[in-house]
Amino acid sequence: MGGYGDVKLLREDGLRLDGRKVDEMREVKVEAGILPAADGSAWVKHGLNVAVCAVYGPMEAHPRKIQRQDRAVIDVRYNMAPFSTSDRIRPGFNRRSREISKVTAEALESVVLVERYPRSKIRVEIEILAAEAGTRCVGITAAAVALADAGIPMRDLIVGVASGKIEDTVVLDLDKAEDNYGQADLPMGILPTTGEIAFLQMDGDLSVEEYNTCMEYNLKAAREIHELMVDALKRRYIEKNGGEA
Amino acid sequence: MSGAKKGAELRLVTPGEAIGASSGVRAGTGTLIMGDNIIATKVGWVNQNNGVTSVDPIHSAYMPRSGDLVIGIVESVRNNLWFADVNGPFNGLLPMSLAPWKVEFGAARQHMDIGDIMLARVQEVDEAHNIVLTMKGVGLRRLKEGIMSEISMNHISRLRGEGDSTLRELKEVSDCRIIVGENGRVWVDGDSDGIAFMRTVLDLVRNDGHKATFNASLEAIIDERRNA
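Presented here is an overview of the structure given in this document. Values in this document were obtained by computation on a predicted structure and should not be read as measured data.

Parameters and conventions
- Residues numbered from 1 in each chain as written.
- Chains lettered and ligands numbered in written order.
- Predicted model: local features only at pLDDT ≥ 70, side-chain atom pairs only at ≥ 80, totals over all residues.
- Core = buried A, V, L, I, M, F, W, Y, C linked by C-beta atoms within 7 Å.
- Buried ≥ 20, exposed ≤ 12 C-beta atoms within 10 Å, placed from the backbone.
- Helix = DSSP H or I, 4+ residues; strand = E, 2+ residues; numbered from the N terminus.
- Contact = placed C-beta atoms within 7 Å.
- Pairing = 2+ DSSP bridges.
- Axes fitted to C-alpha atoms, helices over the stretch in contact; angles between N-to-C directions.

Core analysis: the largest hydrophobic core is formed by 76 residues, its most contacted members being Cys53(A), Ala142(A) and Val145(A). Here this core takes 10 residues from helix 2 (residues 135–149) of chain A, the largest share from any one element. Beyond its immediate stretch of four places on either side in the chain, Cys53(A) contacts Ser41(A), Ala42(A), Val124(A), Glu125(A), Ile126(A), Gly139(A), Ala142(A), Ala143(A) and Ala146(A). Formed by 19 residues, the second largest nonpolar core is a distinct cluster that contains Val70(B), Ala84(B), Met112(B) and Val122(B).

This is how it looks when you write it as structure tokens:
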């Protein structure tokens, strides 16, 4: 299966090229409140991916035609820095970033209590500084932390995670080679406390069993990342208060 | 972040985190009932009082309420009204009839232009979050001199102190006129020395306002100035 039969993605010992097990995630680091000018901000490093997110608002929505009388609109701008990949990316909006901005906004709208701020706008700027497959998931994770840091009411902290299939094996958290030469990719936005899914895309084919395994891996990974997100949000205040809280 | 909370009572929560069972308690601000649990919707400290569970947020946007004293920045001017940014999700509207001047139709710009700063009161907020401001009232005016600075919403009580005691002390020590708007904006006017002192105080509020050591650091700054 797959169009790249000559690319070996699994080693003889069953591990992946970078030495991870099939259900092992890349290393994740989260920091909250890194940008002084923004109302809320976050920095997420997921493997070699680096995303910075800034949140502004809620503010008056302009132009007025985008206002919604019963809720706030979330204006997401996902952007990859020109230097984020090995090929230089032409700066500015393109078809891919437009799509990711749209799906990210829709995922965030289902967790943010948008009905609290009718007619207003919440601006979410996601900047990908380094990319190594799975940037939309990293962007969602960063946006969730930044929104919480900005004090915007939410039902849960949404986590972006992905699983996929390489050489007929389901694996968690694809890296660049696995994403490019693998058979399928299943990014999800998960609400870790309830297990709800707010965002799901699938690239490639998966059987029902493979899908269920992906789902299981994603949920497990989402809970792990969620702990790091909570820690990043709390750490700032516990630490700043000199341990006294 | 009121000073009343101590030690073990303090519990920091993040959005989605279950605070406790929802039976027998009411959900206050910053919380939501989800199934059998009360969950937090903001990052903040849990506050349980009189059967109401709420979360005191660490950071939150200003939500205008009628009667609030606010410092606004004029954002746009029409023939007969001004729109002011009041640091909230919605702009405030100041109609000509509620301005302190006799304004001819079309001459609004001559009294206040874009970027000018005003001291106003929130006249009313309707269910669609339209905010009407008024400048008719004692002391409400255009602020022409001094400096304006912003602090976090939940640090306002820290700057004011109990019954405005801290604010009175600061006014006396700095020899400045100080106005703390309900929307987190602070206006200071006085001689340059006094303003410089207030700048350090506001920096302290911004950086250390949430710390337990805030009051001690503020006392130290005030004493230093008194003895200088």
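Let us now look at unusual backbone geometry. Residues and elements named next belong to chain A. In this model, Gly57 is joined to Pro58 through a cis peptide bond whose omega is 5 degrees. Tracing the backbone through its elements, the reader meets Pro58 in strand 3 (residues 49–60). With an omega dihedral of -5 degrees, the bond running from His62 to Pro63 counts as a cis peptide bond. With respect to the helices, strands and loops of the structure, Pro63 is situated in the loop between strand 3 and strand 4 (73–80). At Asp168, a position not held by glycine, the phi torsion is positive, near 60 degrees. Note on placement: Asp168 falls in the loop between strand 6 (159–166) and strand 7 (169–172). Residue Asp168 is classed as exposed on the basis of its 10 C-beta neighbours within 10 Å.

Residue and element names in this part refer to chain B. Strands sit in the order 2-5-4 across an open sheet of 3 strands; the sheet is antiparallel. Among the strands making up the open sheet, the edge pair consists of strand 2 (18–21) and strand 4 (31–34). For this sheet, the mean angle separating the axes of adjacent strands, direction not counted, is 30 degrees. Examined bridge by bridge, strand 2 and strand 5 (residues 37–40) share 3 bridges and lie antiparallel to one another. Pairing of Ala18 across the sheet is with Ile39, part of strand 5.

With that out of the way, let us pick up the pairing of strand 1 (residues 28–32) of chain A. Residues and elements named next belong to chain A. Side chains Val28, Val30 and Ala32 project from strand 1 onto a buried face, and the interleaved Lys29 and Glu31 project onto a face without burial. Where strand 1 lies against strand 2 (residues 40–46), 5 bridges are found, and the strand directions are antiparallel. Paired with Val30 across the strands is Val44, a residue of strand 2.

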